[in-house]
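# Observations on the model geometry
These are the residues of each chain, in order.
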Amino acid sequence: MNWLHYSPLLPTEYQVDAAHWWWWWKEVLITCALSGVSRKALYARGVTKQQMASSRCNLRIQGDDNLQSMLVGTVMRKIKSRTWKKQRYFKLQEDCMNIWYKSKKAGNNHSTFSVCDVETVREGHQSEVLQSIADEFPPDRCFTLVFRGRRGNLDLVADSPEEAQSWIKGMRKLIENVENMGQREKLDQWICDWFQKADKNKDGRMNFKEVQDLLKMMNVDMNEHHALRLFKMADKSHSGTLEDDEFVLFYKMLTQREDVLRLFQEYSSDGQKLSLTDLEEFLLVDQLEGDHTRQRAMELIERYEPSETAKMLHAMSIDGFLMYLCSPDGSIFNPHHEQIYQDMTQPLCHYFISSSHNTYLIEDQLRGHSSVEGYIRALKRGCRCVEVDCWDGPNGEPIVYHGHTLTSKIFFKDVIHALNKYAFRVSEYPVILSIENHCSVEQQRVMAQHLNSILGDKLLKTILDGKIPNRLPSPEELKGKVLLKGKKMGGLEDCVNGTAEEPFNGEVSDEDEAADIDEEHLRNDTLRRRGKKSKQHLSKELSDCVVYCKSVHFSSFKHSRAHAKFYEISSFTESKARKHIRETGADFVRHNTRQLTRVYPSGLRTDSSNFNPQEMWNVGCQIVALNFQTAGVEMDLNDGLFSQNGHCGFVLKPKFMRSSESRFDPENPQDREDYRPFRLSIQVISGQQLPKVNIKEGSIVDPLVRVEIHGVPLDQAKQETKYIENNGFNPVWNETLQFLIHVPEMALVRFVVEDYDKTSRNDFVGQYTLPFMCIQQGYRHIHLLSKDGTSIPPSSLFVHIQITDTE
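Residues numbered from 1 in each chain as written. Predicted model: local features only at pLDDT ≥ 70, side-chain atom pairs only at ≥ 80, totals over all residues. Heavy atoms only, no water.

### Let's talk about the overall build of the chain
Assigned secondary structure in the chain consists of 26 helices and 30 strands. Within the span of the chain, comprising 807 residues, buried residues form 57% of the whole. Sequence separation of at least 24 residues holds for 68% of the intrachain contacts in the chain that already meet a minimum separation of 6. Accessible surface for the chain amounts to roughly 34200 Å². Of this, 48% is attributable to carbon and sulfur atoms. (Helix = DSSP H or I, 4+ residues; strand = E, 2+ residues; numbered from the N terminus. Buried < 20%, exposed > 50% of the residue type's maximum accessible area, 1.4 Å probe, protein only. Contact = heavy atoms within 4.5 Å. Areas by Shrake-Rupley, 256 points an atom, 1.4 Å probe, with all protein chains shown as cover.)

Dropping the structure here:
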């Protein structure tokens, strides 16, 4: 195939497959233009791709004193605690993508981290570690690098304010560069990184042995004869080594996407391009785009086709076709659901609400570390209900920690400061502050004072319009507000009438996990002693801060129907919730159409593990609180459910879960009036650049793909492909898995890639979870996430999705 005809930026030797590499050649031309040297002259001078990368970096930093200073390097103090403060030499590497620093750890002379892994930079004393040394180092010399996922922050102190600013501004510039990278640049950088790892002697070229080592590093176990054949084909200079541009050709031959090429040729009228009509047909027949396919085809050509020649012909080359399939438009997740698309004017109880448990903990429940960082991380993930476990602290200041354990302690006021700063950065919809109150009346007053003085107008203290409503307000009405959930004297009616003046004498916290441990028959005297509940007064000042989320003890669904108010909320431990689901699931659904319900993990989960949230969502429980610090399938499901609707932390429940007349029973979904099952067919075609999970030298991934359906009991299912031996780089399965989905509105689909092991448990490679209702049909890429829920580009799966009505 003559790729050149529609990829004019590619040299003749790259006719094998133009995909991915037009961007690099474009940069060659840009570099030539800026330097006043022809491309041919550059080759004659022996300019390599590594040197080109260096040129790109130089162009990026010209005029930027901060980046130039970072390239020289700086000695700074790395701070881990008030007593652990050690000097390290930090330096930006020449690729402008990695930070190198010298470490004195045994057996490790230096460490590096990628700019891609840094989420943001905080100036001054904006971490607990830096606050602890505030009396020693001024804020203008301090800053914190915040990493993605669950990785700990890096706290640094520079020798001068100028050096600190240089790194703060420089890092922000680099982070911005990464965020603005296109798909091609990211892939280009990925290849550059691998080349540099394999180029042991740093001479800008690799012999066949180095190439073989690189293939193993990249998860490829290739036949030596085949690898040598590709090596010789790429060695245009016949030098016995691959220089950078020759390595590009070698990599391109290695990564030819036969699956995409076949699809392209199937729809291409002339085998060279997709005409506008060809692309229209593909969008209509396979992608099921529906109406306005001609306009859609024009948009995709304009957006993804790199060749100006092809654009002028209203056509798409194989390069543009691949870029479209790898883009958000070609993703399995419907991009229309990336924005807020649901009705946000319904009562709060009509939504699932992203919720965390013991938010202050970033480790286990017995000896773990408490930190305001737990709140910051949860809020940045879209969490809309956070928990604060409050106890009397020193000098009249309430503290937050997991009571009667060895977890560290933080001040309540620091939690509220973090809430004030981060509550509405990701989502403008309300945050519920769930208080587990163990404080004396005096310190409850201090809590109320901090809530009022720090949050100010953000704290909701009165009903919205001054009139007693008959239902909860909506997320739309509560934008920018913090709602306190806790015990309250009297009700909303008493507040308006001013009659609730009597002190509340009773248990001020309706959640006592210690008591739950006793109830679940844990035979451990040390923990059992925690289970003694104390009767204490409730401060009026704190009571007045509770409006629409009054915590009450739950008696029965019958009692609730007869007596409960819409603003009352009950909390259940997971075991109690499961008991009600088993015995009266349909009643639980009806209860949750009127009131909020919170479910939290058992006190037995001292390791901060999580329960399956799906069974709680199945009966309409809105506030299903999970330990956000613990990765696993439960948090994957939580992230998957709340990945829709703009990641705002609120997801509208299905209509049959919002009506007070609902008869929906998750155990018998077929009894529903509007019962309409669907058949889901998933052809797992191939995988691309799966990460290596076993650090053992020479180990290659044997990947398999498992598809799991999480939903009502009748929908719970899983199927998996066979495993592909020794190929995590470009495995091909071409297997079809089929599922019957009875309640599509409640189903989540989880794609899991594992490294097969016949003697032990399979290793996790990557996953992606999304709501069934957000799936795009047709040929789609699934961009895999790590165990922490962060992206791991360029790892992906290529699938074909078909959804059919069973009627």
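### Comments concerning helix α10 (residues 244-254)
Within α10, ten of the eleven residues are buried, which leaves it mostly tucked inside the rest of the structure. For α10, every residue scored as buried is listed here: Asp244, Glu246, Phe247, Val248, Leu249, Phe250, Tyr251, Lys252, Met253 and Leu254.

### Regarding the nonpolar core
Counting 64 residues, the largest nonpolar core has Val388, Phe412, Leu433, Leu451 and Trp617 as the members making the most contacts within it. By size, the runner-up hydrophobic cluster in this structure holds 34 residues, among which are Val701, Val765, Tyr768 and Ile775. (Core = buried A, V, L, I, M, F, W, Y, C linked by side-chain atoms within 4.5 Å.)

### Let's talk about the sheet that holds strand β2 (residues 85-92)
In space, the seven strands of this open sheet follow the order β4-β3-β2-β1-β7-β6-β5, with antiparallel pairing throughout. Each edge of the open sheet carries a strand with a single partner, namely β4 (110-114) and β5 (118-123). Along the sheet, successive strands turn relative to each other by an average axial angle of 35°, direction set aside. As defined by bridge partners, strand β1 (residues 74-79) adjoins β2 across six bridges and the pair is classed as antiparallel. Across the sheet, Ile79 pairs through a bridge with Lys85, a residue of β2. Relative to the sheet, helix α6 (residues 161-179) contacts β1, β2, β3 (98-102), β5 and β6 (142-147), its axis offset from that of β5 by approximately 150°. (Pairing = 2+ DSSP bridges. Axes fitted to C-alpha atoms, helices over the stretch in contact; angles between N-to-C directions.)

### Some points on unusual backbone geometry
Cis geometry is found at the peptide bond from Pro793 to Pro794, where omega equals 5°. Following the sequence through the fold, Pro794 ends up in strand β30 (residues 791-805). Not every positive phi belongs to a glycine, and His647 is a case in point at roughly 55°. Along the chain, His647 falls in the loop between α26 (633-641) and β22 (650-652). Of the residues examined, His647 reaches a relative accessible area of 37% and is grouped as partly exposed. Not every positive phi belongs to a glycine, and Asn734 is a case in point at roughly 50°.

### Digging into the pattern of salt bridges
Between side chains of opposite charge, a pair can form when the charged atoms approach closely. Evaluation of the coordinates by the stated rule reveals 39 salt bridges. Note that Arg205 is salt-bridged to Glu243, the shortest N-O span being 3.2 Å. Taken together, the positions of Arg205 in strand β8 (residues 205-206) and Glu243 in strand β9 (residues 242-243) put the pair 38 residues apart, joining distant regions of the chain. Exposure remark for Arg205: the relative accessible area of 31% places this residue in the partly exposed category. Close ionic contact of Asp213 with Lys209 constitutes a salt bridge, the shortest N to O distance being 3.0 Å. Highlighted residues: Asp213 and Lys209, both in helix α8 (residues 208-217), separated by four residues, approximately one helical turn. Among the charged side chains, a network of salt bridges with common partners joins Asp636, Arg706, Glu708, Glu720, Arg750 and Glu754. (Salt bridge = Lys/Arg side-chain N within 4 Å of Asp/Glu carboxyl O.)

### Quick notes on helix α9 (residues 224-234)
If you check which residues of α9 are buried, you get Ala227, Leu230, Phe231 and Ala234. The arc that holds the buried residues of α9, viewed along the axis, is 105°, so those residues lie on one side. For α9, the exposed residues set more than 90 degrees away from the buried face come down to His225 and Lys232. At its buried positions, α9 is contacted by β8, α8, β9 and α10. (Arc of directions from axis to C-beta.)

### So, the confidence of the model for the chain
Per-residue pLDDT for the chain has a mean of 85; in total, 85% of the residues score no lower than 70. For the stretch residues 1-56, pLDDT sits under 50, and the model shows 118 contacts to residues farther than four places along the chain or on other chains. Confidence drops under pLDDT 50 across residues 521-532; counting only partners more than four residues distant or on other chains, this segment forms 17 contacts. (pLDDT = per-residue confidence, 0-100.)

### Focus: the pairing of strand β29 (residues 778-785)
For a regular strand, the rule is simple: side chains alternate between the two faces of the sheet. Among the eight residues that make up β29, seven are buried, leaving the element largely enclosed by the rest of the structure. Looking at chain direction, β29 and β30 are connected through seven bridges and run antiparallel. Considered in β30, the bridge of Leu785 is made with Ser791. The antiparallel hairpin formed by β29 and β30 contains five residues in its connecting segment, where Gly789 sits at a positive phi of about 85°.

### Notes on the packing of aromatic side chains
Per the counting criterion, the structure on display carries 26 aromatic pairs. With a centroid separation of 6.0 Å and an interplanar angle of 75°, the aromatic rings of Tyr89 and Trp100 are classed as edge-to-face. One end of the pair, Tyr89, is in strand β2; the other, Trp100, is in strand β3, and eleven residues separate them in sequence. Taking 5.3 Å as the distance between ring centres and 70° as the angle between the ring planes, the aromatic pair formed by Phe282 and Phe321 counts as edge-to-face. Of this pair, Phe282 sits in helix α12 (residues 276-285) while Phe321 sits in helix α15 (residues 318-326), and the two are 39 residues apart along the sequence. Each member of the pair Phe282 and Phe321 is classed as buried. Grouping aromatic residues by their ring pairs yields a cluster made of Phe264, Tyr267, Phe282, Phe321, Tyr779 and Phe798. (Phe/Tyr/Trp six-rings, centres within 6.5 Å; stacked < 30°, edge-to-face > 60°.)

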